[in-house]
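# Structural characterization, general
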Amino acid sequence: MSPVQQLDLFGPDDASPGPAVPPAPPERRPEAMAPIVTTCPPDLPAGARWREVRTPDQVIGFVLRRSRRKSIGLVVNDDGLQITAPGWVTLSQIDATVVEKSRWILKKLQVRQARQEQLAMADTHWQDGGTIPYLGKNIVLRLGEAPHGHRFEGRAFAPEQGDALLLPLPRQADHHRVRDSAHAWLQLQAKDWFGQRLEHFQQTSQLRARRWRLSSAATRWGSCSSDGNIMLNWRLIHFDHAIIDYVIVHEIAHLKELNHSKDFWREVERILPGFEQARNALRQHDPATLPLI
């Protein structure tokens, strides 16, 4: 509830009434969440069924599956809301859970819908003349000029604005093929560049991962497991060198401090002095919101 605003009823001279104070405008209620369409997928998994529940905000449809798990599980993915429930849980109990969690569900579905709209817009980039970010610069996709494989007309890991990436595809290739071809090249570049930077920082820090690999995680840029395995999101290849270095050092520091304590941040500072600017820049982005992924 918002705090009540206190208004002065009289001017400086209490004996002389001042001009009338207009009444405060009525407090605006939060705008209702726009309805989100939930439709049954064309192909349901084996043993699954489609169900709809009316909540205070709107009707929510979901795919329901039964399993041997001990509790009701809710997941929102590219196909919408998926619910897995034990066989002994009744439909009314499942419906009640959907109503109880409806605000959370709708927020997740809203993010999913925005993501799909971003991807639809991104399709316009996957064509001859489209641009994509690579190591902090926008490079141009060229089709029909490299029949024998990818060719980058620039320095591999020091691109300039407007450098061209030639893809081994005909000029009128479908945008899905263009995207997949560009992704394949970006992932190869990520594997090479991240590997070089990881080796550099392992040597300077005297810390060494057990092994590392690329990931396609939707929620994190990197991770380090308790047994010393590092994963780095290949989509970091879109960012400039400083941000990539920061994420790599962040995960290397976890080899010594598997937490985010003061000791951990001191370790990051030891390996990469002045890391804060790159960290703050990366905080403006989320893996799930990059428009070109």
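The structure contained in this document is the topic of the report that follows. The structure presented is a predicted model; accordingly, all values stated were derived computationally and were not measured. (Residues numbered from 1 in each chain as written. Predicted model: local features only at pLDDT ≥ 70, side-chain atom pairs only at ≥ 80, totals over all residues. Heavy atoms only, no water.)

### Notes on the overall build of the protein chain
Convention followed: In DSSP terms, a helix is any run of H or I states spanning at least four residues, a strand is any run of E spanning at least two, and both are numbered starting from the N terminus. For every residue, the accessible area obtained with a 1.4 Å probe (protein chains only) is divided by the maximum for its type, and the residue is called buried under 20%, exposed over 50%, and partly exposed between those limits. Contacts between residues were defined by any pair of non-hydrogen atoms, one from each residue, lying within 4.5 Å. Per-residue accessibility takes into account occlusion by the displayed protein chains alone, with areas from the Shrake-Rupley method and a 1.4 Å probe.
Looking only at helices and strands, the protein chain has six helices and eleven strands in total. For the protein chain, the residues scored as buried account for 38% of the 293 residues in total. For the protein chain, the share of sequence-separated contacts (at least 6 apart) that also reach a separation of at least 24 residues comes to 49%. Element-wise, carbon and sulfur atoms account for 52% of the exposed surface of the protein chain, whose accessible area totals about 18100 Å².

### A few points about the pairing of strand E2 (residues 59–67)
Selection criterion: For two strands to be treated as a pair, DSSP must find no fewer than two bridges joining them.
Pairing between strand E1 (residues 49–54) and E2: six bridges, direction antiparallel. Paired with Val 53 across the bridge in E2 is Ile 60. Taking the residues between adjacent antiparallel strands as the criterion, E1 and E2 are bridged by four residues.

### Concerning the environment of Ile 271
By secondary structure assignment, the location of Ile 271 is in helix H5 (residues 262–271). The spatial distance from the C-alpha of Ile 271 to the C-alpha of Phe 201 is 7.3 Å, given a sequence separation of 70 residues.

### Considerations on the sheet that holds strand E5 (residues 131–134)
Strand-to-strand pairing in sheets goes through backbone hydrogen bonds, with the strands running parallel or antiparallel. Selection rule: Axes here refer to lines fitted to C-alpha atoms; in helices the fit is confined to the stretch in contact. Angles between the N-to-C directions go from 0 to 180 degrees.
Reading across the sheet, the four strands line up as E5-E6-E8-E7 and stay open at both edges, with mixed pairing between neighbours. Strand pairing shows two members of the sheet lacking a second neighbour, E5 and strand E7 (151–153), which therefore form its edges. Recorded for the sheet is a direction-independent mean angle of 35° between the axes of neighbouring strands. Contacts between helix H3 (residues 175–205) and the sheet are confined to E5, strand E6 (137–143), E7 and strand E8 (164–167), with E5 contributing the most and set at about 15° to the helix.

### A closer look at the sheet that holds strand E4 (residues 80–86)
Ordered by their spatial adjacency, four strands build an open sheet running E1-E2-E4-E3, and the pairing between neighbours is mixed. Either end of the sheet is taken by a strand with one partner, and the two such strands are E1 and strand E3 (73–77). Sheet twist, expressed as the mean angle between neighbouring strand axes with direction ignored, is 35°.

### A look at the side chain of Asp 245
The line we're drawing: Under the rule applied, a polar contact is a pair of N or O atoms within 3.5 Å (in protein, one hydrogen donor and one hydrogen acceptor; residues adjacent in sequence only if both atoms are side-chain atoms).
Topologically, Asp 245 is positioned in helix H4 (residues 241–254). The class of Asp 245 is buried, set by a relative accessible area of 11%. Separated by 2.9 Å, the side chains of Asp 245 and Arg 197 make a polar contact. Look past the residues within four positions of Asp 245 in its chain and what remains in contact with it is Arg 197, Phe 201 and Leu 272.

### Some thoughts on the nonpolar core
As a reminder, the rule being used: Put simply, a nonpolar core is a bunch of buried Ala, Val, Leu, Ile, Met, Phe, Trp, Tyr and Cys residues held in one set by side-chain atoms that sit within 4.5 Å of each other.
Grouped together as the largest cluster of nonpolar side chains are 47 residues, with contacts concentrated most on Tyr 134 and Leu 141. Secondary structure elements with two or more residues in this core: E5, E6, E8, H3, strand E11 (229–233), H4, H5 and helix H6 (276–282). Ranked by residues supplied to this core, first place goes to H3 with nine residues. Apart from residues lying up to four places away in sequence, Leu 141 is in contact with His 125, Trp 126, Gln 127, Asp 128, Gly 129, Gly 130, Ile 132, Leu 165, Leu 167, Val 178 and Ala 182.

### Structural notes on unusual backbone geometry
The phi angle at Leu 135 is positive, at roughly 50°, despite the residue not being glycine. Residue placement: Leu 135 occurs in the loop between E5 and E6. In this model, Gln 206 sits at a positive phi of 65°, which is unusual for a non-glycine residue. On the secondary structure map, Gln 206 appears in the loop between H3 and strand E9 (211–215). In this structure Gln 206 comes out as exposed when scored by relative accessible area, which is 68%.

### Re the pairing of E11
Counting buried residues in E11 gives four out of five residues, a clear majority hidden from the surface. Looking at chain direction, E9 and E11 are connected through five bridges and run parallel. Along E11, the bridge assignment pairs Leu 214 with Leu 232. Relative to E11, strand E10 (residues 222–224) runs antiparallel, the two being bridged by three bridges. Bridging across to E11, Ser 223 finds its partner in Met 231. Here E10 hands over to E11 after four residues, with Gly 228 in that stretch at a positive phi of 85°.

These figures capture arrangement, not role.
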